[in-house]
Amino acid sequence: MKRTYRPATTLVHAGQVRSNFAENAEALFLTSGFVYDDAEQAAATFRGEVAHYQYSRFGNPTVSMLEARLAAIEGAEACRATATGMAAVHAAILCHVKAGDRVVASRALFGSCHWIVTTLLPRYGIETVLVDGADIAAWGEALAVPTALVLLETPSNPMLDIIDLRAVCDLAHRAGAIVVVDNVFATPLLQRPLEFGADVVVYSATKHMDGQGRVLGGAVLGRKEWIETTLQPFTRNTGPALSPFNAWVILKGLETMALRVAQSCRSAATIADHLAGQAQVARVLYPFRADHPQSALARAQMSDGGTLVTFEMKGGQDAAFRLMNALDLIVISNNLGDSKSMMTHPATTTHSKVPPADRAVLGISEGTIRFSVGLEDVADLIDDLDRALAALAQPPSVASARR
């Protein structure tokens, strides 16, 4: 696109390249390889002298359209799509660091990200340090020595902790580090980390971008030079390529993302307020609620509170499981950012491999539930919650018999 458009328009039109058939919908180039006019063109392509698709592990026209659209909505110079969100996180880190380097990360990370930082990187001789994301003094202490990379997510999974992006980016850059931000919970519609000084943004496109529970995908976005000289050789040779079919599905998902995220945010805010008034609920976390410990910071960095609500049940795991098992409409799933509303119990699913002591530090209790709010009528969601909460007052055998 030649003009600069608002986000909803960008999500529909950016990056589209029509073939000679002049199709309106993006074309799906479901091919593993490409052909050349002659041997000389093939040789020149591999020397980098000619721009020509070679192999879908390296690049594909459908994937390229997705990358261009994501770069446009993020405000990034370049993007590389990956097979999954974790492939994006892994590639963004491993392409940049080497033995002897130092990585500083927020303690509140998704379970697999936590494993990469605490288990995988040390195997390769990379020092790793975890800090409390909300503690700027702790960041300052950790970044008082040279560091190669900083990894953080805000809001965090699942406790919705908020990190001061500008303050951490300033400290990281003084230490010589690049800052990689997992922006999945906020989406590029609610928060743009690059504008606060981040160098790289990563996503699981499986979530709000597809947003309809169909395909896996990921993305890494940043400066063109870093993407092409640091990330591209890594992804080209290690192979975390996104399927052209998945790229096409995500492209179509992006067309409705602005509508879906806005509706889910409205419903999430309503549900957070409703849960806060329930006697069986010990606490509710939602970034834009006044009782969130970092509500002011969330409002300074984000344009809305997001699609997720985290709450803690009185009665621990037993109460959490009984509530989830009593739901009729809301499904139990470890995914998020979907049209369908989903609940998960982080301590036994997404963060089950995080040591219990570390979960305790993060505030993930046995009663913690992560609620990804979908597109159902919010009144139906509240009715389902109320029925499930009412079932907690019944003996487990009675509640089970009524389902």
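Presented here is an overview of the structure given in this document. (Residues numbered from 1 in each chain as written. Predicted model: local features only at pLDDT ≥ 70, side-chain atom pairs only at ≥ 80, totals over all residues. Heavy atoms only, no water.)

## Re the packing of aromatic side chains
Per the stated rule, a full pass over the model turns up three aromatic pairs. When the ring of Y55 is compared with that of F58, the centres are 5.8 Å apart and the planes differ by 70 degrees; the resulting orientation is edge-to-face. Its end group placed over the ring of F58, R236 keeps NZ or CZ at 3.7 Å from the ring centre. (Phe/Tyr/Trp six-rings, centres within 6.5 Å; stacked < 30°, edge-to-face > 60°. Lys NZ or Arg CZ within 6 Å of the ring centre and 35° of its normal.)

## Some thoughts on the pattern of salt bridges
Once the charged atoms of two side chains with opposite charge are near each other, the side chains can pair. Summed over the entire model, instances satisfying the criterion amount to 15 salt bridges. E366 is paired through a salt bridge with R359; the nearest N and O atoms lie 3.9 Å apart. In the salt-bridge network here, residues are joined through shared partners; they are E26, R69, K252 and E255. (Salt bridge = Lys/Arg side-chain N within 4 Å of Asp/Glu carboxyl O.)

## Describing the sheet that holds strand β10 (residues 331-332)
The sheet built from five strands is open, its strands ordered β8-β9-β12-β11-β10 with mixed pairing. Each edge of the open sheet is held by one strand with a lone partner, namely β8 (281-285) and β10. Pairing of strand β11 (residues 342-344) with strand β12 (residues 368-372) involves three bridges; the strand directions are antiparallel. Within β12, the residue paired with M342 across the bridge is S372. Lying on the sheet, helix α12 (residues 257-276) is in contact with β8, β9 (308-313) and β12; it crosses β9 at an angle near 15 degrees. (Pairing = 2+ DSSP bridges. Helix = DSSP H or I, 4+ residues; strand = E, 2+ residues; numbered from the N terminus. Contact = heavy atoms within 4.5 Å. Axes fitted to C-alpha atoms, helices over the stretch in contact; angles between N-to-C directions.)

## Things to note about unusual backbone geometry
Cis geometry marks the peptide bond from T154 to P155; its omega dihedral reads -5 degrees. Look at the link from N157 to P158: it is a cis peptide, with omega at 5 degrees. Positive phi is not limited to glycine here, since L160 has a value of about 60 degrees. Within the secondary structure layout, L160 lies in the loop between β4 (149-153) and α7 (165-174). Residue classification places L160 among the buried positions, given a relative accessible area of 2%. At T187, a residue that is not glycine, the phi angle is positive and equals roughly 65 degrees. Secondary-structure assignment places T187 in helix α8 (residues 187-190). (Buried < 20%, exposed > 50% of the residue type's maximum accessible area, 1.4 Å probe, protein only.)

## Here we look at the nonpolar core
L66, V309, F311, M313, M343 and F371 are the most contacted members of the largest nonpolar core, which totals 65 residues. With seven residues, α12 is the largest single contributor of residues to this core. Not counting chain neighbours up to four residues away, the residues in contact with F371 comprise I271, T307, L308, V309, F311, I330, S341, M342, M343 and L385. The next biggest cluster of nonpolar side chains, apart from the first, holds 30 residues, and it includes V89, A91, C113 and L149. (Core = buried A, V, L, I, M, F, W, Y, C linked by side-chain atoms within 4.5 Å.)

## Some points on the side chain of E26
By the element assignment, E26 lies in the loop between α1 (7-13) and α2 (39-46). Residue E26 is classed as buried on the basis of its relative accessible area of 4%. Within the structure, the side chain of E26 is placed 2.9 Å from the side chain of K252, a separation counted as a polar contact. For E26, the contacting residues outside a window of four places in its chain are V12, Q16, M65, R69, W248, L251, K252 and E255. (Polar contact = N/O pair within 3.5 Å; in protein donor to acceptor, adjacent residues only side chain to side chain.)

## With respect to the sheet that holds strand β1 (residues 78-82)
Spatially, seven strands are ordered β1-β7-β6-β5-β4-β2-β3 in an open sheet, and the strand pairing comes out mixed. For this open sheet the edge positions go to β1 and β3 (127-131), each flanked by a neighbour on one side alone. Here the average twist between neighbouring strands, direction ignored, is 20 degrees. Note that strand β2 (residues 102-106) and β3 share five bridges and pair parallel. Counted as the bridge partner of V104 is V129 from β3. Helix α5 (residues 111-123) contacts β2, β3, β4 and β5 (178-182) of the sheet and is inclined by roughly 150 degrees relative to β3.

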